[in-house]
Amino acid sequence: MTVNHLVPAGVPETPALTELRHEVRAFLNSRIADGSLTPRVDAWITGWDPDFSRELAARGWVGMTVPAAYGGHGRTFVERFVVTEELLAAGAPVAAHWVADRQAAPSLLRFGTEEQKQHYLPRIAAGECFFAIGMSEPDSGSDLASVRTRARRVDGGWSVTGTKVWTSGAHAAEAFFVLARTSPLDTSARHAGLSQLIVELRSDGVQVRPIVSMTGQHHFNEVHLDDVFVPDARVLGDVGAGWHQVTSELAYERSGPERFLSTFPLFRAQVRRAAAQPEGTPADPAIGRALARLRGLHHMSMAVNAAVERGDRADTAAAVVKVLGTSFEGDLVEAAQLGGGLPDSDPLLAAGLLQRPGFTLRGGTSEILRGVIARGMGLR
Ligand SMILES: Cc1cc2nc3c(=O)[nH]c(=O)nc-3n(C[C@H](O)[C@H](O)[C@H](O)COP(=O)(O)OP(=O)(O)OC[C@H]3O[C@@H](n4cnc5c(N)ncnc54)[C@H](O)[C@@H]3O)c2cc1C
């Protein structure tokens, strides 16, 4: 059994990275101090604020890894990692540009046509174009190959019909990547015949219905597609290569700091509360344990980002980060509730309690990821 790809080499934080980190942190602290930014839990899903996204873009912190030729900043994945870590730790409202920046831009760079890159990337980097992900369906979540949304060949493109669900941000995004069946299901090759289509959410035949979560917030949706025309120019990559394209992005989607920092603002509130206790109050060992886990996750996640940058395989390591990271962010909620001394009505704790069930589901459930890890280790 080879384990090299399971444990990507760690990367040190260079002085330049630390300087960038401090620059972002100073900006966020100033916004918190002047009251224009209120830290929140799970802000990368629930904190939709296009003005804030545009402000970050103006500072060069959106589309960081997009080449300058497409309006981006030509920086490294590790630099982007440092910036996103600071944004998440501060609980900043980054949901509007999150999918476009994390997923759409790299996918367009890798699989998109020149026209698609020119059309979308400069506006993504400017915080002007937001994306959503149309993978899950009412009967197709973990078993994504069973998607039923179908695209029928018509003159000049495809006619798409089906229903996507849990589509975060679809009500406010410009477009979404739809995984659709472009050839009939072949049960002996279920992953074949799938394609990725870029569907404009304001197209004729698209209906976006809100799904209100337990928090009372509307951040995800059910999206009905009824004979929606998608021109050939909006096929992403190759027809029939959808499965390969979707799975090749997973390392990236699963390993980022959003998989362990969703509840960090709650942890910070707990630490501040502990620090304010009278001298002589016994230290809370749960805080030390959490910090140690956090440090480990930071290093693992950064190592996966560096591996992605080098073009190394990192899907198994990414799955490890997601399983450990999402259980950690849930454990922080439990620790804050049981031993943190915060009332259940504390807004960060209340949001953490209600958002928590989603942490280990979104982006692949822990049960499924444990299977990915076992296969990656050659155990299944
Ligand atoms: C907050 C949030 C945001 C989301 N945003 C998006 C989005 O923007 N776009 C999008 O496409 N999707 C989105 N999703 C959907 C998410 O990807 C799915 O919820 C996830 O893939 C699981 O699919 P499912 O809900 O259909 O559950 P199911 O696949 O039905 O699974 C139900 C349970 O059965 C278990 N299970 C299933 N199969 C197996 C197996 N083979 N072995 C062991 N256990 C198994 C699962 O682990 C889970 O516990 C979002 C979800 C959440 C919670």
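Computed from a prediction, not measured in an experiment: that's the story for all the values here.

A. Highlighting the pairing of strand β6 (residues 206-212). Taken together, the 7 bridges between β6 and strand β7 (residues 218-231) define a ladder with antiparallel strand orientation. Across the sheet, the residue bridging to Val212 is His218, located in β7. What sits between β6 and β7 in their antiparallel hairpin is a turn of 5 residues, with Gly216 showing a positive phi close to 85°.

B. Seen up close, the site of the ligand. The environment of the ligand is made up of 16 residues, and the closest members are Ser136, Ser142, Trp166, Thr365 and Glu367. Between an oxygen atom of the ligand and a main-chain N or O atom of Met135, the distance comes to 3.0 Å. Here Glu367 contributes a side-chain N or O atom positioned 2.7 Å from an oxygen atom of the ligand. In isolation the ligand offers 980 Å² of accessible surface; the protein chains occlude 63% of this area. Residues that form the shell around the ligand fall into these classes: 6 nonpolar, 8 polar and 2 charged.

C. Spotlight on the domain arrangement of the protein. Per the domain assignment, the segments of the protein are domain 1 (3-130), domain 2 (133-241) and domain 3 (244-376). Look at where the C-alpha atoms of domain 1 and domain 3 centre, and you get two points 19 Å apart. Counting residues at the interface gives 34 residues for domain 1 and 37 residues for domain 3. In total, about 3,100 Å² of surface goes out of reach between domain 1 and domain 3, with carbon and sulfur atoms giving 62% of it. At the surface where domain 1 touches domain 3, the tally comes to 3 salt bridges. Between Asp42 and Arg362 there is a salt bridge whose closest N-O contact spans 2.8 Å. Here domain 1 is connected to domain 3 by 11 residue pairs in polar contact (both at pLDDT 80 or more). Those elements that provide at least two residues to the side of domain 1 that touches domain 3 are α1 (15-33), α2 (43-46), α4 (77-89) and α5 (95-111). Residue classes in the side of domain 1 that touches domain 3 are distributed as 19 nonpolar, 8 polar and 7 charged.

D. Main features of the side chain of Thr46. With respect to the element layout, Thr46 can be found in helix α2. Those residues in contact with Thr46, other than ones at most four positions away along the chain, are Arg40, Val41, Ala95, Gln217, His219 and Gln355.

E. Main features of the nonpolar core. Of all hydrophobic cores here, the largest spans 31 residues; its most connected members are Leu28, Phe52, Leu56, Trp61, Leu87 and Val94. Breaking this core down by element, the ones donating at least two residues are α1, α2, α3 (50-58), α4, α9 (264-275), α10 (285-310) and α11 (315-338). Mapping this core onto the domain boundaries places at least three of its residues in each of domain 1 (3-130) and domain 3 (244-376). Leu28 has contacts with Leu37, Phe52, Glu86, Leu87, Ala90 and Ala92, leaving out every residue within four places of it along the chain. By size, the runner-up hydrophobic cluster in this structure holds 20 residues, among which are Phe130, Ala180, Val206 and Val223.

F. Spatial organisation of the pattern of salt bridges. Within the structure shown, the criterion is met by 25 salt bridges. A salt bridge links Glu334 to Arg356; the nearest nitrogen and oxygen atoms lie 3.4 Å apart. Of this pair, Glu334 sits in helix α11 while Arg356 sits in helix α12 (residues 347-359), and the two are 22 residues apart along the sequence. Using a relative accessible area of 37% as the deciding quantity, one classes Glu334 as partly exposed. A residue is classified by how much of its surface remains accessible, and Arg356, at 28% relative accessible area, is partly exposed. Salt bridges sharing partners connect three or more residues here, namely Glu13, Arg21, Arg25, Glu85 and Glu86.

G. View of the packing of α1 against α4. Between α1 and α4, the least distance of the axes is 9 Å, while the angle of their chain directions is 30°. With respect to their mutual orientation, α1 and α4 come out roughly parallel. Judged by the sense of rotation from one axis to the other, the crossing of α1 with α4 is right-handed. Contacts between α1 and α4 pair Leu17, Leu20, Arg21, Val24, Arg25 and Leu28 from the former with Val78, Glu79, Val82, Val83, Glu85, Glu86 and Leu87 from the latter. For the contact of α1 with α4, a count of residues per class yields 8 nonpolar, no polar and 5 charged.

Procedures and definitions
- Residues numbered from 1 in each chain as written.
- Predicted model: local features only at pLDDT ≥ 70, side-chain atom pairs only at ≥ 80, totals over all residues.
- Heavy atoms only, no water.
- Pairing = 2+ DSSP bridges.
- Helix = DSSP H or I, 4+ residues; strand = E, 2+ residues; numbered from the N terminus.
- Near = heavy atom within 4 Å.
- Polar contact = N/O pair within 3.5 Å; in protein donor to acceptor, adjacent residues only side chain to side chain.
- Areas by Shrake-Rupley, 256 points an atom, 1.4 Å probe, with all protein chains shown as cover.
- Nonpolar A, V, L, I, M, F, W, Y, C, P; charged D, E, K, R; others polar.
- Domains from an automatic or database assignment.
- Contact = heavy atoms within 4.5 Å.
- Buried area = accessible area lost by both parts, 1.4 Å probe.
- Salt bridge = Lys/Arg side-chain N within 4 Å of Asp/Glu carboxyl O.
- Core = buried A, V, L, I, M, F, W, Y, C linked by side-chain atoms within 4.5 Å.
- Buried < 20%, exposed > 50% of the residue type's maximum accessible area, 1.4 Å probe, protein only.
- Axes fitted to C-alpha atoms, helices over the stretch in contact; angles between N-to-C directions.
- Parallel < 35°, antiparallel > 145°, perpendicular 65-115°, else oblique.
- Left-handed = near helix turned anticlockwise from the far one by under 90°.

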